[in-house]
Amino acid sequence: MCGRYVLHTPVGALAEAFGAAGPLPNFPAGYNIAPTQQGLILKRDPDGVRRLHSARWGLVPSWSRDLSIGARLINARAETLGEKPSFRAAFQARRCVVPADGFYEWVAEGKQRKPLWIRRPDGRPLALAGLWEVATGVDGDSLQTFSIVTTESRGGLAPIHDRCPVILGEAGVATWLAPHEPADEIVALMQPEDHGLLVSPADPRANSVRNDDHHLIEPPPATLF
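Residues numbered from 1 in each chain as written. Predicted model: local features only at pLDDT ≥ 70, side-chain atom pairs only at ≥ 80, totals over all residues. Heavy atoms only, no water.

Participant: Please clarify how the overall build of the chain should be interpreted in this entry.
Facilitator: Each helix and strand counted, the chain has four helices and twelve strands in total. Its C-alpha radius of gyration of 17 Å places the chain within 12% of the 17 Å reference for a compact globule of 225 residues. Viewed in the frame of its principal axes, the chain has a C-alpha envelope of about 60 × 40 × 35 Å. Of all 225 residues assigned to the chain, the portion counted as buried reaches 48%. Counted over contacts in the chain with a minimum sequence separation of 6, partners at least 24 positions apart contribute 66%. (Helix = DSSP H or I, 4+ residues; strand = E, 2+ residues; numbered from the N terminus. Rg over C-alpha atoms; globule rule 2.2 N^0.38 Å. Buried < 20%, exposed > 50% of the residue type's maximum accessible area, 1.4 Å probe, protein only. Contact = heavy atoms within 4.5 Å.)

Dropping the structure here:
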């Protein structure tokens, strides 16, 4: 499961890290990006050029005119991508990468939910496997949408949640974005793996999507007795 994530690396730095060409979208830092909000996706154009695009989180299949369905399709299970009507076409032809500086998960602490901040130890952005679609609403307006692909958790993430995003390495990004890669190579990218991610407490204010500032990913202050 991935229900909230963070993207604060400047767009220019993301373009350099992922080899994306301009023009670059205007995207402000987001420290608590939630479903139906805007995120960034990395796509490979038909001419082979990588570009960053703004898109709404929550995939709306091309055959649907109900944009609200996207709120229920924020994650796509790796094990069933080729079978689910909502994701099958996008998996075959519209794969993307979702840049993220990290993501949140929650654990129970008494009657409260404690947010955890998960990211790479070196601070570099994660490349999450994603799918994209262009949806058309009943009013005829087009909307670019995306979903984050998830797989079984391994290593330190397993006790926190049984699902985690599919995280791609540099070679994996190239394979995932390529239009005609063999199916077995794509499937291999989605196998569960221990990525050695760093996990630490986040500010409890991350529980509310109304809060969105850099203090959310700083450890909460200790309570004095």
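Participant: Just to check I follow, could you spell out the layout of surface pockets for this structure?
Facilitator: Empty pockets left among the atoms are what a rolling probe the size of a water molecule brings to light. Size it by volume and the largest pocket reaches roughly 350 Å³. Forming the walls of the largest pocket are 15 residues, and the residues nearest its centre are Arg120, Arg124, Leu168, Gly169 and Glu170. Of the residues contributing to the lining of the largest pocket, the split by class is nine nonpolar, two polar and four charged. Its volume calculated, the second largest pocket comes out at about 210 Å³. Forming the walls of the second largest pocket are 13 residues, and the residues nearest its centre are Arg44, Ala93, Arg95, Leu177 and Pro179. Secondary-structure elements contributing two or more residues to the lining of the second largest pocket are β3 (38–44), α2 (88–93) and α3 (170–177). Within the lining of the second largest pocket, the residues separate by chemical class into seven nonpolar, one polar and five charged. (1 Å grid on protein atoms, 1.4 Å probe; cavity = no way out; pocket = protein on both sides within 12 Å on 5 of 7 lines; lining within 4 Å. Points joined across faces, edges and corners; volume = space filled by probe spheres on them. Nonpolar A, V, L, I, M, F, W, Y, C, P; charged D, E, K, R; others polar.)

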